[in-house]
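Here is how the chains run, residue by residue.
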Amino acid sequence: MSSQIGLVPIILISIGVTFDLVGALGLIRLPDVYNRLQAATKCVTLGTFLILIGVLVHSGWNAMGIKALLAAIFVLWTSPTGSHALARGAHIAGVKLWEGSIVDKYKEDTGR
Amino acid sequence: MDTLKRRLLDFVIYFVLWLLLTWSFDWQGVVVGAVLAMVFALALSGLLPKGAERLFSPVRWFWAIIHLISLLFWIVMANFDVLYRVLHPNLPIRPGIVKIKTTLKSDEAKAFLANSITLTPGTLTIDIIDDWLYVHWINVHENLEDAEAITKDIAGRFEVTLRRVFD
């Protein structure tokens, strides 16, 4: 592993960081917890995934690269599950949707 | 699939995971990994759901790869969608929770459908009750009562591949 970072990892990690930034902006700008989770889940998943793949390309198939690959798969697999748990928990705990929301079938059906 | 085979499969998964995580192949490391994998495979109640023999079907793996490719494409689209909505000065959102009916049968298929929906443009699965998925949609359509069109819009593109992977 050389200390100099090649072009491909730089590009991957830069795009990843950009999407992470957009996800963070979405957390601030969007109105309620559900919309914020949308931004956080999508952007942070792809952003982190790309950063980890960048690490894999940079370090190659050694201990660090394999760990980065496993972490990337794990992030892709678990982050939507986590956001589902957060959204469901928030809804059951009574967090209201933003007042501009169109419809809430979940509340109609479950009464929660 | 009988219990012994399931335990053996668990053992193989734990052991391979150990080897990948430690990435050292001197004999001490391998022996410790084998012992630990055996302990976990015997002590825990099993890693895989019912019908684990589906793991050995190449056709299913082929469709899993197709699904993964389409999923990655939609994840990228989802990110540009969020980019557009977040950076637009007027914040163009029309959120709401809709429900869709899935035709998938097995629990694993439903779970992966829910995860895939969460990662695609503008949708976030909140809960699954029987065949109904409750989905938070950041840009709800005009024709709200047309459940079929909504289902097709949100879940249609994944049901095709997931049915071939799991059901």
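Definitions and limits used
- Residues numbered from 1 in each chain as written.
- Chains lettered and ligands numbered in written order.
- Predicted model: local features only at pLDDT ≥ 70, side-chain atom pairs only at ≥ 80, totals over all residues.
- Heavy atoms only, no water.
- Pairing = 2+ DSSP bridges.
- Helix = DSSP H or I, 4+ residues; strand = E, 2+ residues; numbered from the N terminus.
- Axes fitted to C-alpha atoms, helices over the stretch in contact; angles between N-to-C directions.
- Salt bridge = Lys/Arg side-chain N within 4 Å of Asp/Glu carboxyl O.
- Expected span 1.5 Å × (residues − 1).
- Bend = angle between axes of the 7 residues up to and from the residue.
- Buried < 20%, exposed > 50% of the residue type's maximum accessible area, 1.4 Å probe, protein only.
- Contact = heavy atoms within 4.5 Å.
- Domains from an automatic or database assignment.
- pLDDT = per-residue confidence, 0-100.
- Core = buried A, V, L, I, M, F, W, Y, C linked by side-chain atoms within 4.5 Å.

Visitor: Would you explain the sheet that holds strand S3 (residues 132–137) of chain B in this entry?
Guide: Each strand in a sheet pairs with its neighbour through backbone hydrogen bonds, running either in the same direction (parallel) or in the opposite one (antiparallel). Residue and element names in this part refer to chain B. Strand order across the open sheet formed by 3 strands is S1-S3-S2, with antiparallel pairing between neighbours. On the outer flanks of this sheet lie strand S1 (96–101) and strand S2 (123–129), each paired with one strand and no other. Each adjacent strand pair in this sheet contributes to an overall mean axis angle of 30 degrees, direction not counted. Pairing geometry for S2 and S3, over 6 bridges, is antiparallel. Each residue of the ladder has a partner; that of leucine 124, found in S3, is histidine 136.

Visitor: Help me understand the pattern of salt bridges, please; the structure alone is not making it clear to me.
Guide: Charged atoms that come close allow side chains of opposite charge to pair. In the structure shown here, the tally under the stated rule is 5 salt bridges over all chains. The salt bridge partner of Arg88(A) is Asp127(B), with a shortest N-O separation of 2.8 Å. Of this pair, Arg88(A) sits in helix H3 (residues 63–92) while Asp127(B) sits in strand S2, placing the two residues on different chains. A salt bridge links Asp131(B) to Lys101(B), with the shortest nitrogen-to-oxygen separation between them at 3.7 Å. Placement of Asp131(B) in the loop between S2 and S3 and of Lys101(B) in strand S1 is noted, with a sequence separation of 30 residues between them. A single network of salt bridges, built from pairs that share partners, joins Lys101(B), Lys110(B) and Asp131(B).

Visitor: I keep staring at helix H5 (residues 147–166) of chain B and nothing clicks. Help me out?
Guide: Given 3.6 residues per helical turn, the α-helix brings residues three or four places apart onto the same face. Residue and element names in this part refer to chain B. Taking 1.5 Å per residue as the helical rise, H5 with its 20 residues ought to reach 28 Å, whereas the 24 Å between its terminal C-alpha atoms falls clearly short. Helix geometry: H5 is bent most strongly at alanine 155, by close to 65 degrees. Among the residues of H5, Ile150, Thr151, Ile154, Ala155, Phe158, Glu159, Thr161, Leu162, Val165 and Phe166 are the ones counted as buried. Its buried side turned inward, H5 meets helix H3 (58–87), S1, helix H4 (107–119), S2 and S3.

Visitor: What am I meant to see in the interface of chain B and chain A here?
Guide: It is common to give the size of an interface as the accessible area lost on bringing the parts into contact. If you look at the interface, chain B gives 44 residues, while chain A gives 45 residues. Linking chain B with chain A are 1 salt bridge. For the side of chain B that touches chain A, the secondary-structure elements that each account for two or more residues are helix H1 (3–22), H3, S1, H4, S2 and S3 of chain B. A per-element tally of the side of chain B that touches chain A places H3(B) first, with 10 residues.

Visitor: Would you mind going over the domain arrangement of chain B with me for this structure?
Guide: Per the domain assignment, the segments of chain B are domain 1 (3–53) and domain 2 (57–166). Spacing between the C-alpha centres of domain 1 of chain B and domain 2 of chain B amounts to 33 Å.

Visitor: Where do I start with H1(B) in this structure?
Guide: Residues and elements named next belong to chain B. A rise of 1.5 Å per residue sets the reference length of H1, with its 20 residues, at 28 Å; its end C-alpha atoms lie 28 Å apart and thus fit the reference within 8%. For H1, the full list of buried residues reads Leu9, Asp10, Tyr14, Phe15 and Leu19. Looking at the buried side of H1, the elements it contacts are helix H2 (27–43). Phi for tryptophan 23, located one or two positions after H1, is positive at around 50 degrees.

Visitor: Would you mind going over the confidence of the model for chain A with me for this structure?
Guide: Detailed reading of the predicted coordinates is not advisable wherever pLDDT falls low. Of the residues in chain A, 96% reach a pLDDT of 70 or more, and the chain-wide mean stands at 86. No element of chain A has a lower mean pLDDT than helix H4 (residues 105–110) of chain A, which averages 73, and none a higher one than helix H1 (residues 7–29) of chain A, which averages 91.

Visitor: In this structure, what is going on with the nonpolar core? I would like to understand it.
Guide: Within soluble globular proteins, side chains that are nonpolar generally end up buried alongside one another. Core analysis: the largest hydrophobic core is formed by 33 residues, its most contacted members being Val98(B), Ile100(B), Leu113(B), Ile117(B), Leu133(B), Val135(B) and Ile154(B). Only H1, helix H2 (33–59) and H3 of chain A together with H3, S1, H4, S3 and H5 of chain B provide two or more residues apiece to this core. For this core, the leading source of residues is H5(B), giving 7 residues. Once residues lying within four places of it in the same chain are set aside, the contact partners of Leu113(B) are Thr102(B), Leu104(B), Leu133(B), Ala155(B), Phe158(B), Glu159(B) and Leu162(B). Judged by nonpolar contacts, the second largest core, of 10 residues, contains Leu37(A), Ala90(A), Tyr106(A) and Ile126(B).

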